[in-house]
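Structural features, examined
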Amino acid sequence: MVEALESLSNLSAEQLRSLAQELIAKVAQQNQIIAAKDSCILYRQAKIDKLTHELATLKRWKFGRSSEQLNGTQISLIEETMDADIAAIEEELKELAPAPKTDTQPRQQPKRAALPAGLPRVDIHHEPDSTTCGCGCQLKRIGQDVSEKLDYTPGVFTVEQHIRGKWACTQCQTLIQAPVPAQVIDKGIPTAGLLAQVLVAKYSDHLPLYRQERIFGRAGVEIPRSTLAQWVGICGVQLQPLVDALKTEILSHSVMHADETPVEMLKPGNKKTHRAYLWAYAPGAFEDLKAVVYDFCESRAGEHARTFLGKWRGSLICDDYAGYKAGFASGIVEVGCMAHSRRKFFDLHVAAKSQIAGQACAYISQLYDVERELKHLKSDERLQIRQAKSKPLVDAFHQWMLLQRQKITDSSATAKALDYSLKRWTALTQFLNDGQLPIDNNWIENQIRPIAIGRSNWLFAGSLRAGQRAAAVMSLIQSAKLNGHDPYAYLKDVLARLPTHKNSQIGELLPHRWQPVSL
């Protein structure tokens, strides 16, 4: 300290001022770092408190609920939903909480039932990269640890025996052993293949876990549905970063589709269902990215679409639902769906044999004839043909509708069908001015269809968290299908890679970029 003070006394006034400025800058920088860390700690603690409260509420519902008002199937579904939600929350808490201090007392591991002896065994050996000790001596193998994982390939259960040899040096007493391979579910029995099977069966084949439990039981493997639910909950948390990255990629495109479909959601607390909605978003049908992201929300309120789209501004193909209107007022370009226009006329023609509706359908069919010609062309070529062939048809159709509308009373069904198109004419004809825009919203409706098919098997989503988890996994499964991948093979490989994959390179695992590891 004395030497430091003496050195300061030798500095000039200019040098002292410069030193003081440096110290002030360093203090300010340190204060910013401390403030950022404090903010991060507060955020993490707030999230921990929220999750802890949610976990306590779920456990209270699970262990204190009355089964009245619920039938056997509903009880099975709600129980597996709660188990999955509890496992998901515990996994999130584990990621948020600081690493626990190493206990001096060894923790007692729960006893796990042995896997069936009759299942085929596959030995997988894990040995050190080198069997030469640091002191130069050759290591000797003195034993091994064996752990078993339950694997599944469609139709067949097998047991992976992971054998880790123990190698010791007789001179310096060094003991080395290959590390335990990283798993999505740490210290659990399922391999990535079994987890992928459970997820695909539940979210693509729409098999509830209680049915999967029975199917596995017939194959000689007893896996309680509560255990299956825990696996689903943990996998949902682990896969969420991929869905977030996929959403970011979709929002980078200037043309998007949007649609929504109702799903009944049961609130465990009051055992009553209400109508929730699964929203679907995808790049335009002519975009190079083939993907879809589902967003499960408690209602059909337009705020959900605004939250998902955020600051995105582009051309949005959608139906005439009012929930999208606020986005159009803030810069999003509304693109109508000609298929919806045709549907109004088609339904009228079927119901009342209306000649006007039949003629309208004929006009629209001519537009689709042109679209079939240019489906695989480039954007500028598509625009050129539309201007040459489609625009004259559209202009003639518009003039014809205006003329017919003048002859019809306002209250008639025909007037309503005509008004639907006339009031939305600008949106319906946007495709004429941009070759990248599709004529309708059928692309996203096709991505909604698998949800509609499975909805009859769900009965209800189970909870908001369960619906969001389903939306996330189904986003990856459907996007994998769009890119020509087998969803089981895709999820199996992704779940195997995730534990050691860098967060900064998560985009490599997205369905449109995924490549299986070559053996």
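This text gives an overview of the structure that appears in the document.

Looking only at helices and strands, the protein chain features 16 helices and nine strands. Per-residue burial over the protein chain gives 45% buried out of 519 residues. Carbon and sulfur atoms form 53% of the exposed surface of the protein chain, whose accessible area is close to 27,700 Å².

In this section: the packing of aromatic side chains. On inspection of all chains with the given rule, the structure shows 13 aromatic pairs. When the centroid spacing of 4.8 Å and the interplanar angle of 70° are considered together, the rings of Y152 and F157 count as edge-to-face. A relative accessible area of 6% means that F157 is categorised as buried. Taking the centre distance of 6.2 Å and the plane angle of 25° together, the rings of F397 and W400 count as stacked. Residue F397 and its partner W400 are located together in helix α11 (residues 379-406), separated by three residues, close to a single helical turn. Taking relative accessible area as the criterion, F397 reaches 0% and is therefore assigned buried. An aromatic cluster is present here, built from F345, Y363, F397, W400 and W425 joined pairwise through their rings. Sitting over the face of the ring of W443, K290 holds its NZ or CZ atom 5.1 Å from the ring centroid. Its guanidinium or amino end placed over the ring of F286, R382 lies 3.6 Å from that ring's centre, counting from NZ or CZ.

Take the layout of surface pockets next. Considering only enclosed or pocket space, the second largest pocket measures out at about 450 Å³ in volume. In terms of lining, the second largest pocket is formed by 16 residues, of which the most central are A285, F286, K375, P438 and D440. Where the lining of the second largest pocket is concerned, the elements lending two or more residues are α10 (355-373) and α14 (442-458). Taken together, the residues of the lining of the second largest pocket sort by class into seven nonpolar, four polar and five charged.

Here the focus is the packing of helix α4 (residues 192-203) against helix α6 (residues 225-250). Contact geometry of α4 with α6 gives a least axis separation of 10 Å together with a crossing angle of 95°. With respect to α6, the element α4 is oriented roughly perpendicular. Along the contact surface, α4 presents L194, L195, V198, L199, K202 and Y203, while α6 presents L228, W231, V232, C235 and L239. When grouped by side-chain class, the residues that make up the contact of α4 with α6 number 10 nonpolar, no polar and one charged.

Across all of its chains, the model carries 20 salt bridges by this definition. A salt bridge links E334 to K325; the shortest N-O distance between them is 3.3 Å. With a relative accessible area of 33%, K325 lands in the partly exposed category. A salt bridge links K389 to E373, with the shortest nitrogen-to-oxygen separation between them at 2.9 Å. A residue pair is termed long-range when its members are at least 10 positions apart, and K389 in helix α11 and E373 in helix α10 qualify at 16 residues. Residue classification places K389 among the partly exposed residues on the basis of a relative accessible area of 40%. Residue classification places E373 among the partly exposed residues on the basis of a relative accessible area of 48%. Shared partners join several salt bridges into a network, and the residues in it are D320, K325, E334 and R424.

A few words on the side chain of E371. Following the sequence through the fold, E371 ends up in helix α10. The contacts of E371, once residues within four sequence positions are left out, are R386, F431 and I439.

Right, let's talk about α4 for a bit. Compared with the 16 Å implied by 1.5 Å per residue over 12 residues, the 16 Å span of α4 between its first and last C-alpha is a close match. By the criterion of burial, α4 is predominantly enclosed, with 12 of the 12 residues buried. All of the buried residues in α4 are A192, G193, L194, L195, A196, Q197, V198, L199, V200, A201, K202 and Y203.

This part is about unusual backbone geometry. What is expected of a backbone is that most residues other than glycine have negative phi and most peptide bonds are trans. Even without glycine at this site, Q173 takes up a positive phi of about 65°. One can find Q173 in the loop between β3 (156-168) and β4 (175-177). Although it is not a glycine, H206 sits at a positive phi angle of roughly 60°. By secondary structure assignment, the location of H206 is in the loop between α4 and α5 (209-218). On the basis of relative accessibility, which here comes to 9%, the residue H206 falls in the buried class.

We now examine the nonpolar core. Of all hydrophobic cores here, the largest spans 84 residues; its most connected members are L150 and L316. A per-element tally of this core places α6 first, with 12 residues. With residues up to four places along the chain from it excluded, the contact list for L150 reads L115, L119, F157, T158, V159, I189, P190, T191, L194, V221 and I223. Grouped together as the second largest cluster of nonpolar side chains are 33 residues, V335, M338, A357 and I364 included.

Below, the discussion takes up empty space enclosed by the protein. Counting across every chain of the model gives four cavities of 30 Å³ or more. In this structure, the second largest cavity occupies an estimated 70 Å³ of space. Surrounding the second largest cavity, C318, D319, D320, E334, V335, G336, C337, H340, Y420, R424, A427 and L428 form its lining. Those elements that provide at least two residues to the lining of the second largest cavity are β9 (333-335) and α13 (425-428). Taken together, the residues of the lining of the second largest cavity sort by class into six nonpolar, two polar and four charged.

Reading the values: rules and limits
- Just so you know, the residues in each chain are numbered from 1, in the order the chain's sequence is written.
- This being a predicted model, a pLDDT of at least 70 is required before a residue's local features are given, and a value of 80 or more before pairs of side-chain atoms are given or counted; all residues contribute to the totals for chains, interfaces and linings.
- To obtain the side-chain values, all non-hydrogen atoms of the structure were used and water was disregarded.
- Counting from the N terminus, the helices are the DSSP runs of H or I reaching at least four residues and the strands are the DSSP runs of E reaching at least two.
- Whether a residue is buried, partly exposed or exposed follows from its accessible area with a 1.4 Å probe, protein chains only, as a fraction of its type maximum: under 20%, in between, or over 50%, in that order.
- Every accessible area reported is derived by Shrake-Rupley at a probe size of 1.4 Å, with residue values counting cover from the shown protein chains alone.
- Aromatic rings from Phe, Tyr and Trp, taking only the six-membered ring of Trp, are treated as a pair when their centres fall within 6.5 Å; an angle between ring planes under 30 degrees marks them as stacked, one over 60 as edge-to-face, and anything in between as tilted.
- Any Lys NZ or Arg CZ found within 6 Å of a ring centre and within 35 degrees of that ring's normal is scored as a charge over the ring.
- Grid points spaced at 1 Å and placed over the protein atoms alone form the basis of the search, with a cavity being a set where a 1.4 Å probe fits but cannot get out and a pocket an open set showing protein on both sides within 12 Å along at least five of seven lines. Lining residues have an atom within 4 Å of a point.
- Grid points are joined across faces, edges and corners, and a volume is the space filled by probe spheres set on the points.
- Three classes are used: nonpolar for Ala, Val, Leu, Ile, Met, Phe, Trp, Tyr, Cys and Pro, charged for Asp, Glu, Lys and Arg, and polar for all others, with Gly counted as polar.
- With axes taken as lines fitted to C-alpha atoms, and helix axes fitted only over the stretch in contact, angles between N-to-C directions fall between 0 and 180 degrees.
- Here the angle decides the label: under 35 degrees means roughly parallel, over 145 means roughly antiparallel, 65 to 115 means roughly perpendicular, and every other value means oblique.
- Note on contacts: a residue pair qualifies if any of its non-hydrogen atoms lie within 4.5 Å across the two residues.
- Salt bridges are defined as contacts in which a side-chain nitrogen from Lys or Arg sits within 4 Å of a carboxyl oxygen from Asp or Glu.
- Residue count minus one, scaled by 1.5 Å, sets the expected span of a helix.
- In this description, a nonpolar core means a group of buried Ala, Val, Leu, Ile, Met, Phe, Trp, Tyr and Cys residues linked to one another through side-chain atoms lying within 4.5 Å.

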